[in-house]
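Reading the structure
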Number of protein chains: 2
Amino acid sequence: MGVTVPYQKTEMASRFDEFLSLDISTPALVVDVPRMDRNIRLMVDRLAALGISCRPHAKTHKSIEIARRQLSAGAIGITVATISEAEVFAAGGIDDIFIAYPVWAAGAKRQRLARLNDTIRLAVGVDSVPAIEHLAAAADMSVRPLRVLVELDSGEHRTGVPDSAGAVAVADAAATAGLEVCGVFTHGGHSYGSRAAARLAAADEVDVLGDAAQALRAAGHAVRVVSGGSTPSSPYAVSESLTELRPGTFVFGDRQQCALGGLGEDDLALVVLSTVVSRAHAGQVVLDAGAKVLSKDLPATVDGYGWLPRYPDAHITRLFDHHAPVTLSAGPEPTLGEVLAIVPNHACAVVNLATELVAVHADGSLEWWPVDAHSRNT
Amino acid sequence: MGVTVPYQKTEMASRFDEFLSLDISTPALVVDVPRMDRNIRLMVDRLAALGISCRPHAKTHKSIEIARRQLSAGAIGITVATISEAEVFAAGGIDDIFIAYPVWAAGAKRQRLARLNDTIRLAVGVDSVPAIEHLAAAADMSVRPLRVLVELDSGEHRTGVPDSAGAVAVADAAATAGLEVCGVFTHGGHSYGSRAAARLAAADEVDVLGDAAQALRAAGHAVRVVSGGSTPSSPYAVSESLTELRPGTFVFGDRQQCALGGLGEDDLALVVLSTVVSRAHAGQVVLDAGAKVLSKDLPATVDGYGWLPRYPDAHITRLFDHHAPVTLSAGPEPTLGEVLAIVPNHACAVVNLATELVAVHADGSLEWWPVDAHSRNT
């Protein structure tokens, strides 16, 4: 297991070394803007060539600036997970947002949803009949009909109705309640198991969505949106039956995505800069980026809490709130005060812990981008 | 393994039920203020009876309001992990702060440290001779000498010099560089292994600190502070050789602390409120508090990503960014839209993900407290 890719001085990998000499207080999250822009362009263009729209999941970057770059590159809108994320992006001028989540519009969320629906082109997910009553109440407060997409489970067994019959039942109830049924969506998150799983999950997404779209049409519903997608499955979710994909992590890449094959080492556009602050024990150095920076996300496909390109045989085997002890093997050792780049396991988790990103442009100039939707979980 | 304590309608546990009817958008972190105040008072008073000062670690709560309550109860100051945390608390009027971390005062951190040292009664940790050069440079920018405590390893094998000889070498170098050596500290974090480990770690802390204090005194250093502490080891770190303890998590408690025996179920003062948003799959409900709220912290002493007091046999077996699927067993099942209280595994990790705490006072009134030092990692 583990992505212990040998450190090579490739065009892109050497950019990490350039970051190390930047005068940035650590720990810090650094974005390689040219790489990020390339990731965005490649995804949007590849999908466009297949006739599929890209609606990137913005929970990965939570940044209005990055969302704008995605739209400029041809994305048709963005995906978010919460009402409060949608509020932040709507305030930032993003006017086409899908909340890919079974929104439970109780309490204050009802009015907030209505206000959003008044302002932007909004759609929300639904996977149960009881949720419809609340969504309909929100829609009643809005000047426009509320658009909904019915969520299907394609194998992740998390949310989403399990079959087309269930999807039709939810769609019928939604239409009866005055909601505007627009189509179906799924998240083939079982793509995260392995490279083989990513291919199989993509096939599941295509099958389940195709069947459900057909069933909804047969029941008299207009199905304009058939939406799948996760970054690992997106290279394989190629079908005329899909209208859009919602990958998120592709924008930065991370260790997990490298392990699953969707992105390569030279596509990585986000690293954590961290300083060696202690060398009190033989065979170990301690970095100043702990769980409050790297997160304790530890996918089964990688080993340790991050990858150090300069010291590929070193492992972050333990992680405390503010300390990352690195177990060293033979070979050169990091010195006290040395700044290292860490490739995180899971980009979404790491960005979620930060309030700003240090953006490094092609000319080496720096810009600080706020993580606008930071902590927007409600 | 696992703390599947049966749900009992004790005085304190029934408070969780009261929270469920509060009109709060989920996910949300709710603090039971009377319980929290009791936890603070009990810890400070118990240590005071032993002649030991309490300097709570504020990385658990990151809240100026809570730090003030700790000081009002008799704490002599607070502990933090980073310069930026210290800056936030200093701005909030807390004027005695120990950064219990081997601070590497490079770049902009040098000036920031000097400014802090000008403003408040500050001390910082050091565990290497090379770090001293940077701390001395910071001290040169300050109007006052910079106070340092030498860190010792007492068995966690993370940071801290491994023995008294190492401590004397660092103390000598610090004094030569013009820093004010005030004493020694350690973090007996190996207390987190088990209840037995907590007792043994406390004994290690007392032994290691006692030896080091003696060695520093023999080498001519004034040793006014001998500082140990972690929440699990603090009940056992009882010795005339210690002057202060720095427990953090005791303020709220969490599942891990219950498993380690330092706090009981009725001491828990922090819960996450979350709504059931999906029931699409038999034997499972999905809550709206995912890894971005609960964190993926999964100590070996507990099972699953949180404990549901109302459904003690249910388990949060998987955790996604915004979804917590709960595996149900026989018995009553949560309904769609039901709000549940989740006891988190690790309070520090959960608070670190939030920007505000909903404080519930004894009379049921609510107050929103900012997590002032949120994301202050540099």
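All figures in this text were calculated on a predicted structure; none of them were measured in a lab.

What follows covers the sheet that holds strand 8 (residues 225-228) of chain B. As a general point, the strands of a sheet are linked pairwise by backbone hydrogen bonds and lie either parallel or antiparallel. Residue and element names in this part refer to chain B. Read from one edge to the other, the open sheet built from eight strands follows the order 2-9-8-7-6-5-4-3, with strand pairing classed as parallel. In this open sheet, the two strands that pair with only one neighbour each are strand 2 (53-54) and strand 3 (78-80). Note that strand 4 (residues 96-102) and strand 5 (residues 121-126) share five bridges and pair parallel. Following the sheet pairing, aspartate 96 is matched in strand 5 by arginine 121.

Moving on, we get to the relation of the copies chain A and chain B. For the pair chain A and chain B, the best superposition has an RMSD of 0.0 Å and corresponds to a rotation of 180° with a translation of 0.0 Å parallel to the axis. The transformation relating the two chain copies, once decomposed into turn and shift, fits a two-fold axis. Within chain A, the C-alpha atom positioned nearest to the axis of rotation is that of Lys296(A), 2.7 Å from it. In this assembly the copies share their binding face: 100% of the residues contributing to the interface of chain A also contribute to that of chain B.

Glancing now at the interface of chain A and chain B. The partner chain B presents 58 residues to the 58 residues of chain A that form the contact. At the boundary of chain A with chain B, total buried surface from both sides reaches about 4,600 Å², with 53% on carbon and sulfur atoms. Three residues, Tyr101(A), Arg158(A) and Lys292(A), lead the burial of chain A against chain B; their summed loss comes to 15% of the area buried on that side. Between chain A and chain B we count six salt bridges in total. As a salt-bridge pair, Lys109(A) and Asp288(B) come within 3.9 Å of each other at their nearest N and O atoms. Counting the contacts that link chain A with chain B gives 29 residue pairs in polar contact (both at pLDDT 80 or more). For the side of chain A that touches chain B, the elements supplying multiple residues, two or more each, are strand 4 (96-102), helix 5 (108-119), strand 10 (270-278), strand 11 (284-287), helix 10 (291-294) and helix 11 (347-352) of chain A. Top element by residues in the side of chain A that touches chain B is strand 10 of chain A. It accounts for four residues.

Residues and elements named next belong to chain B. Note on placement: proline 299 falls in the loop between helix 10 (291-294) and strand 12 (315-316). Judged by its relative accessible area of 9%, proline 299 is buried. If near-sequence neighbours (up to four positions away) are discounted, proline 299 is found in contact with Gln256 and Asn345.

Every α-helix winds through 3.6 residues per turn, so residues three or four apart in the chain are directed the same way. Residues and elements named next belong to chain A. The end-to-end C-alpha distance of helix 2 (residues 33-49), which contains 17 residues, comes to 24 Å, matching closely the 24 Å that a straight helix rising 1.5 Å per residue would cover. What helix 2 keeps buried is the set Val33, Arg35, Met36, Asn39, Ile40, Met43, Val44 and Leu47. The first or second residue beyond helix 2 is glycine 51, which carries a positive phi of 80°.

Of the residues in chain A, 96% reach a pLDDT of 70 or more, and the chain-wide mean stands at 93. Interface confidence for the predicted complex, expressed as ipTM, amounts to 0.94; the pTM equals 0.95.

Residues and elements named next belong to chain B. Where strand 11 (residues 284-287) meets strand 13 (residues 324-327), four bridges bridge the pair, whose relative direction is antiparallel. Directly across from valine 285, in strand 13, lies its bridge partner valine 326. Of the pairings in the sheet, the one linking strand 12 to strand 13 comprises two bridges and is antiparallel in character. Following the sheet pairing, isoleucine 316 is matched in strand 13 by valine 326.

Conventions adopted
- Residues numbered from 1 in each chain as written.
- Chains lettered and ligands numbered in written order.
- Predicted model: local features only at pLDDT ≥ 70, side-chain atom pairs only at ≥ 80, totals over all residues.
- Heavy atoms only, no water.
- Pairing = 2+ DSSP bridges.
- Helix = DSSP H or I, 4+ residues; strand = E, 2+ residues; numbered from the N terminus.
- Least-squares fit on C-alpha atoms with pLDDT ≥ 70 in both.
- Contact = heavy atoms within 4.5 Å.
- Buried area = accessible area lost by both parts, 1.4 Å probe.
- Salt bridge = Lys/Arg side-chain N within 4 Å of Asp/Glu carboxyl O.
- Polar contact = N/O pair within 3.5 Å; in protein donor to acceptor, adjacent residues only side chain to side chain.
- Buried < 20%, exposed > 50% of the residue type's maximum accessible area, 1.4 Å probe, protein only.
- Expected span 1.5 Å × (residues − 1).
- pLDDT = per-residue confidence, 0-100.

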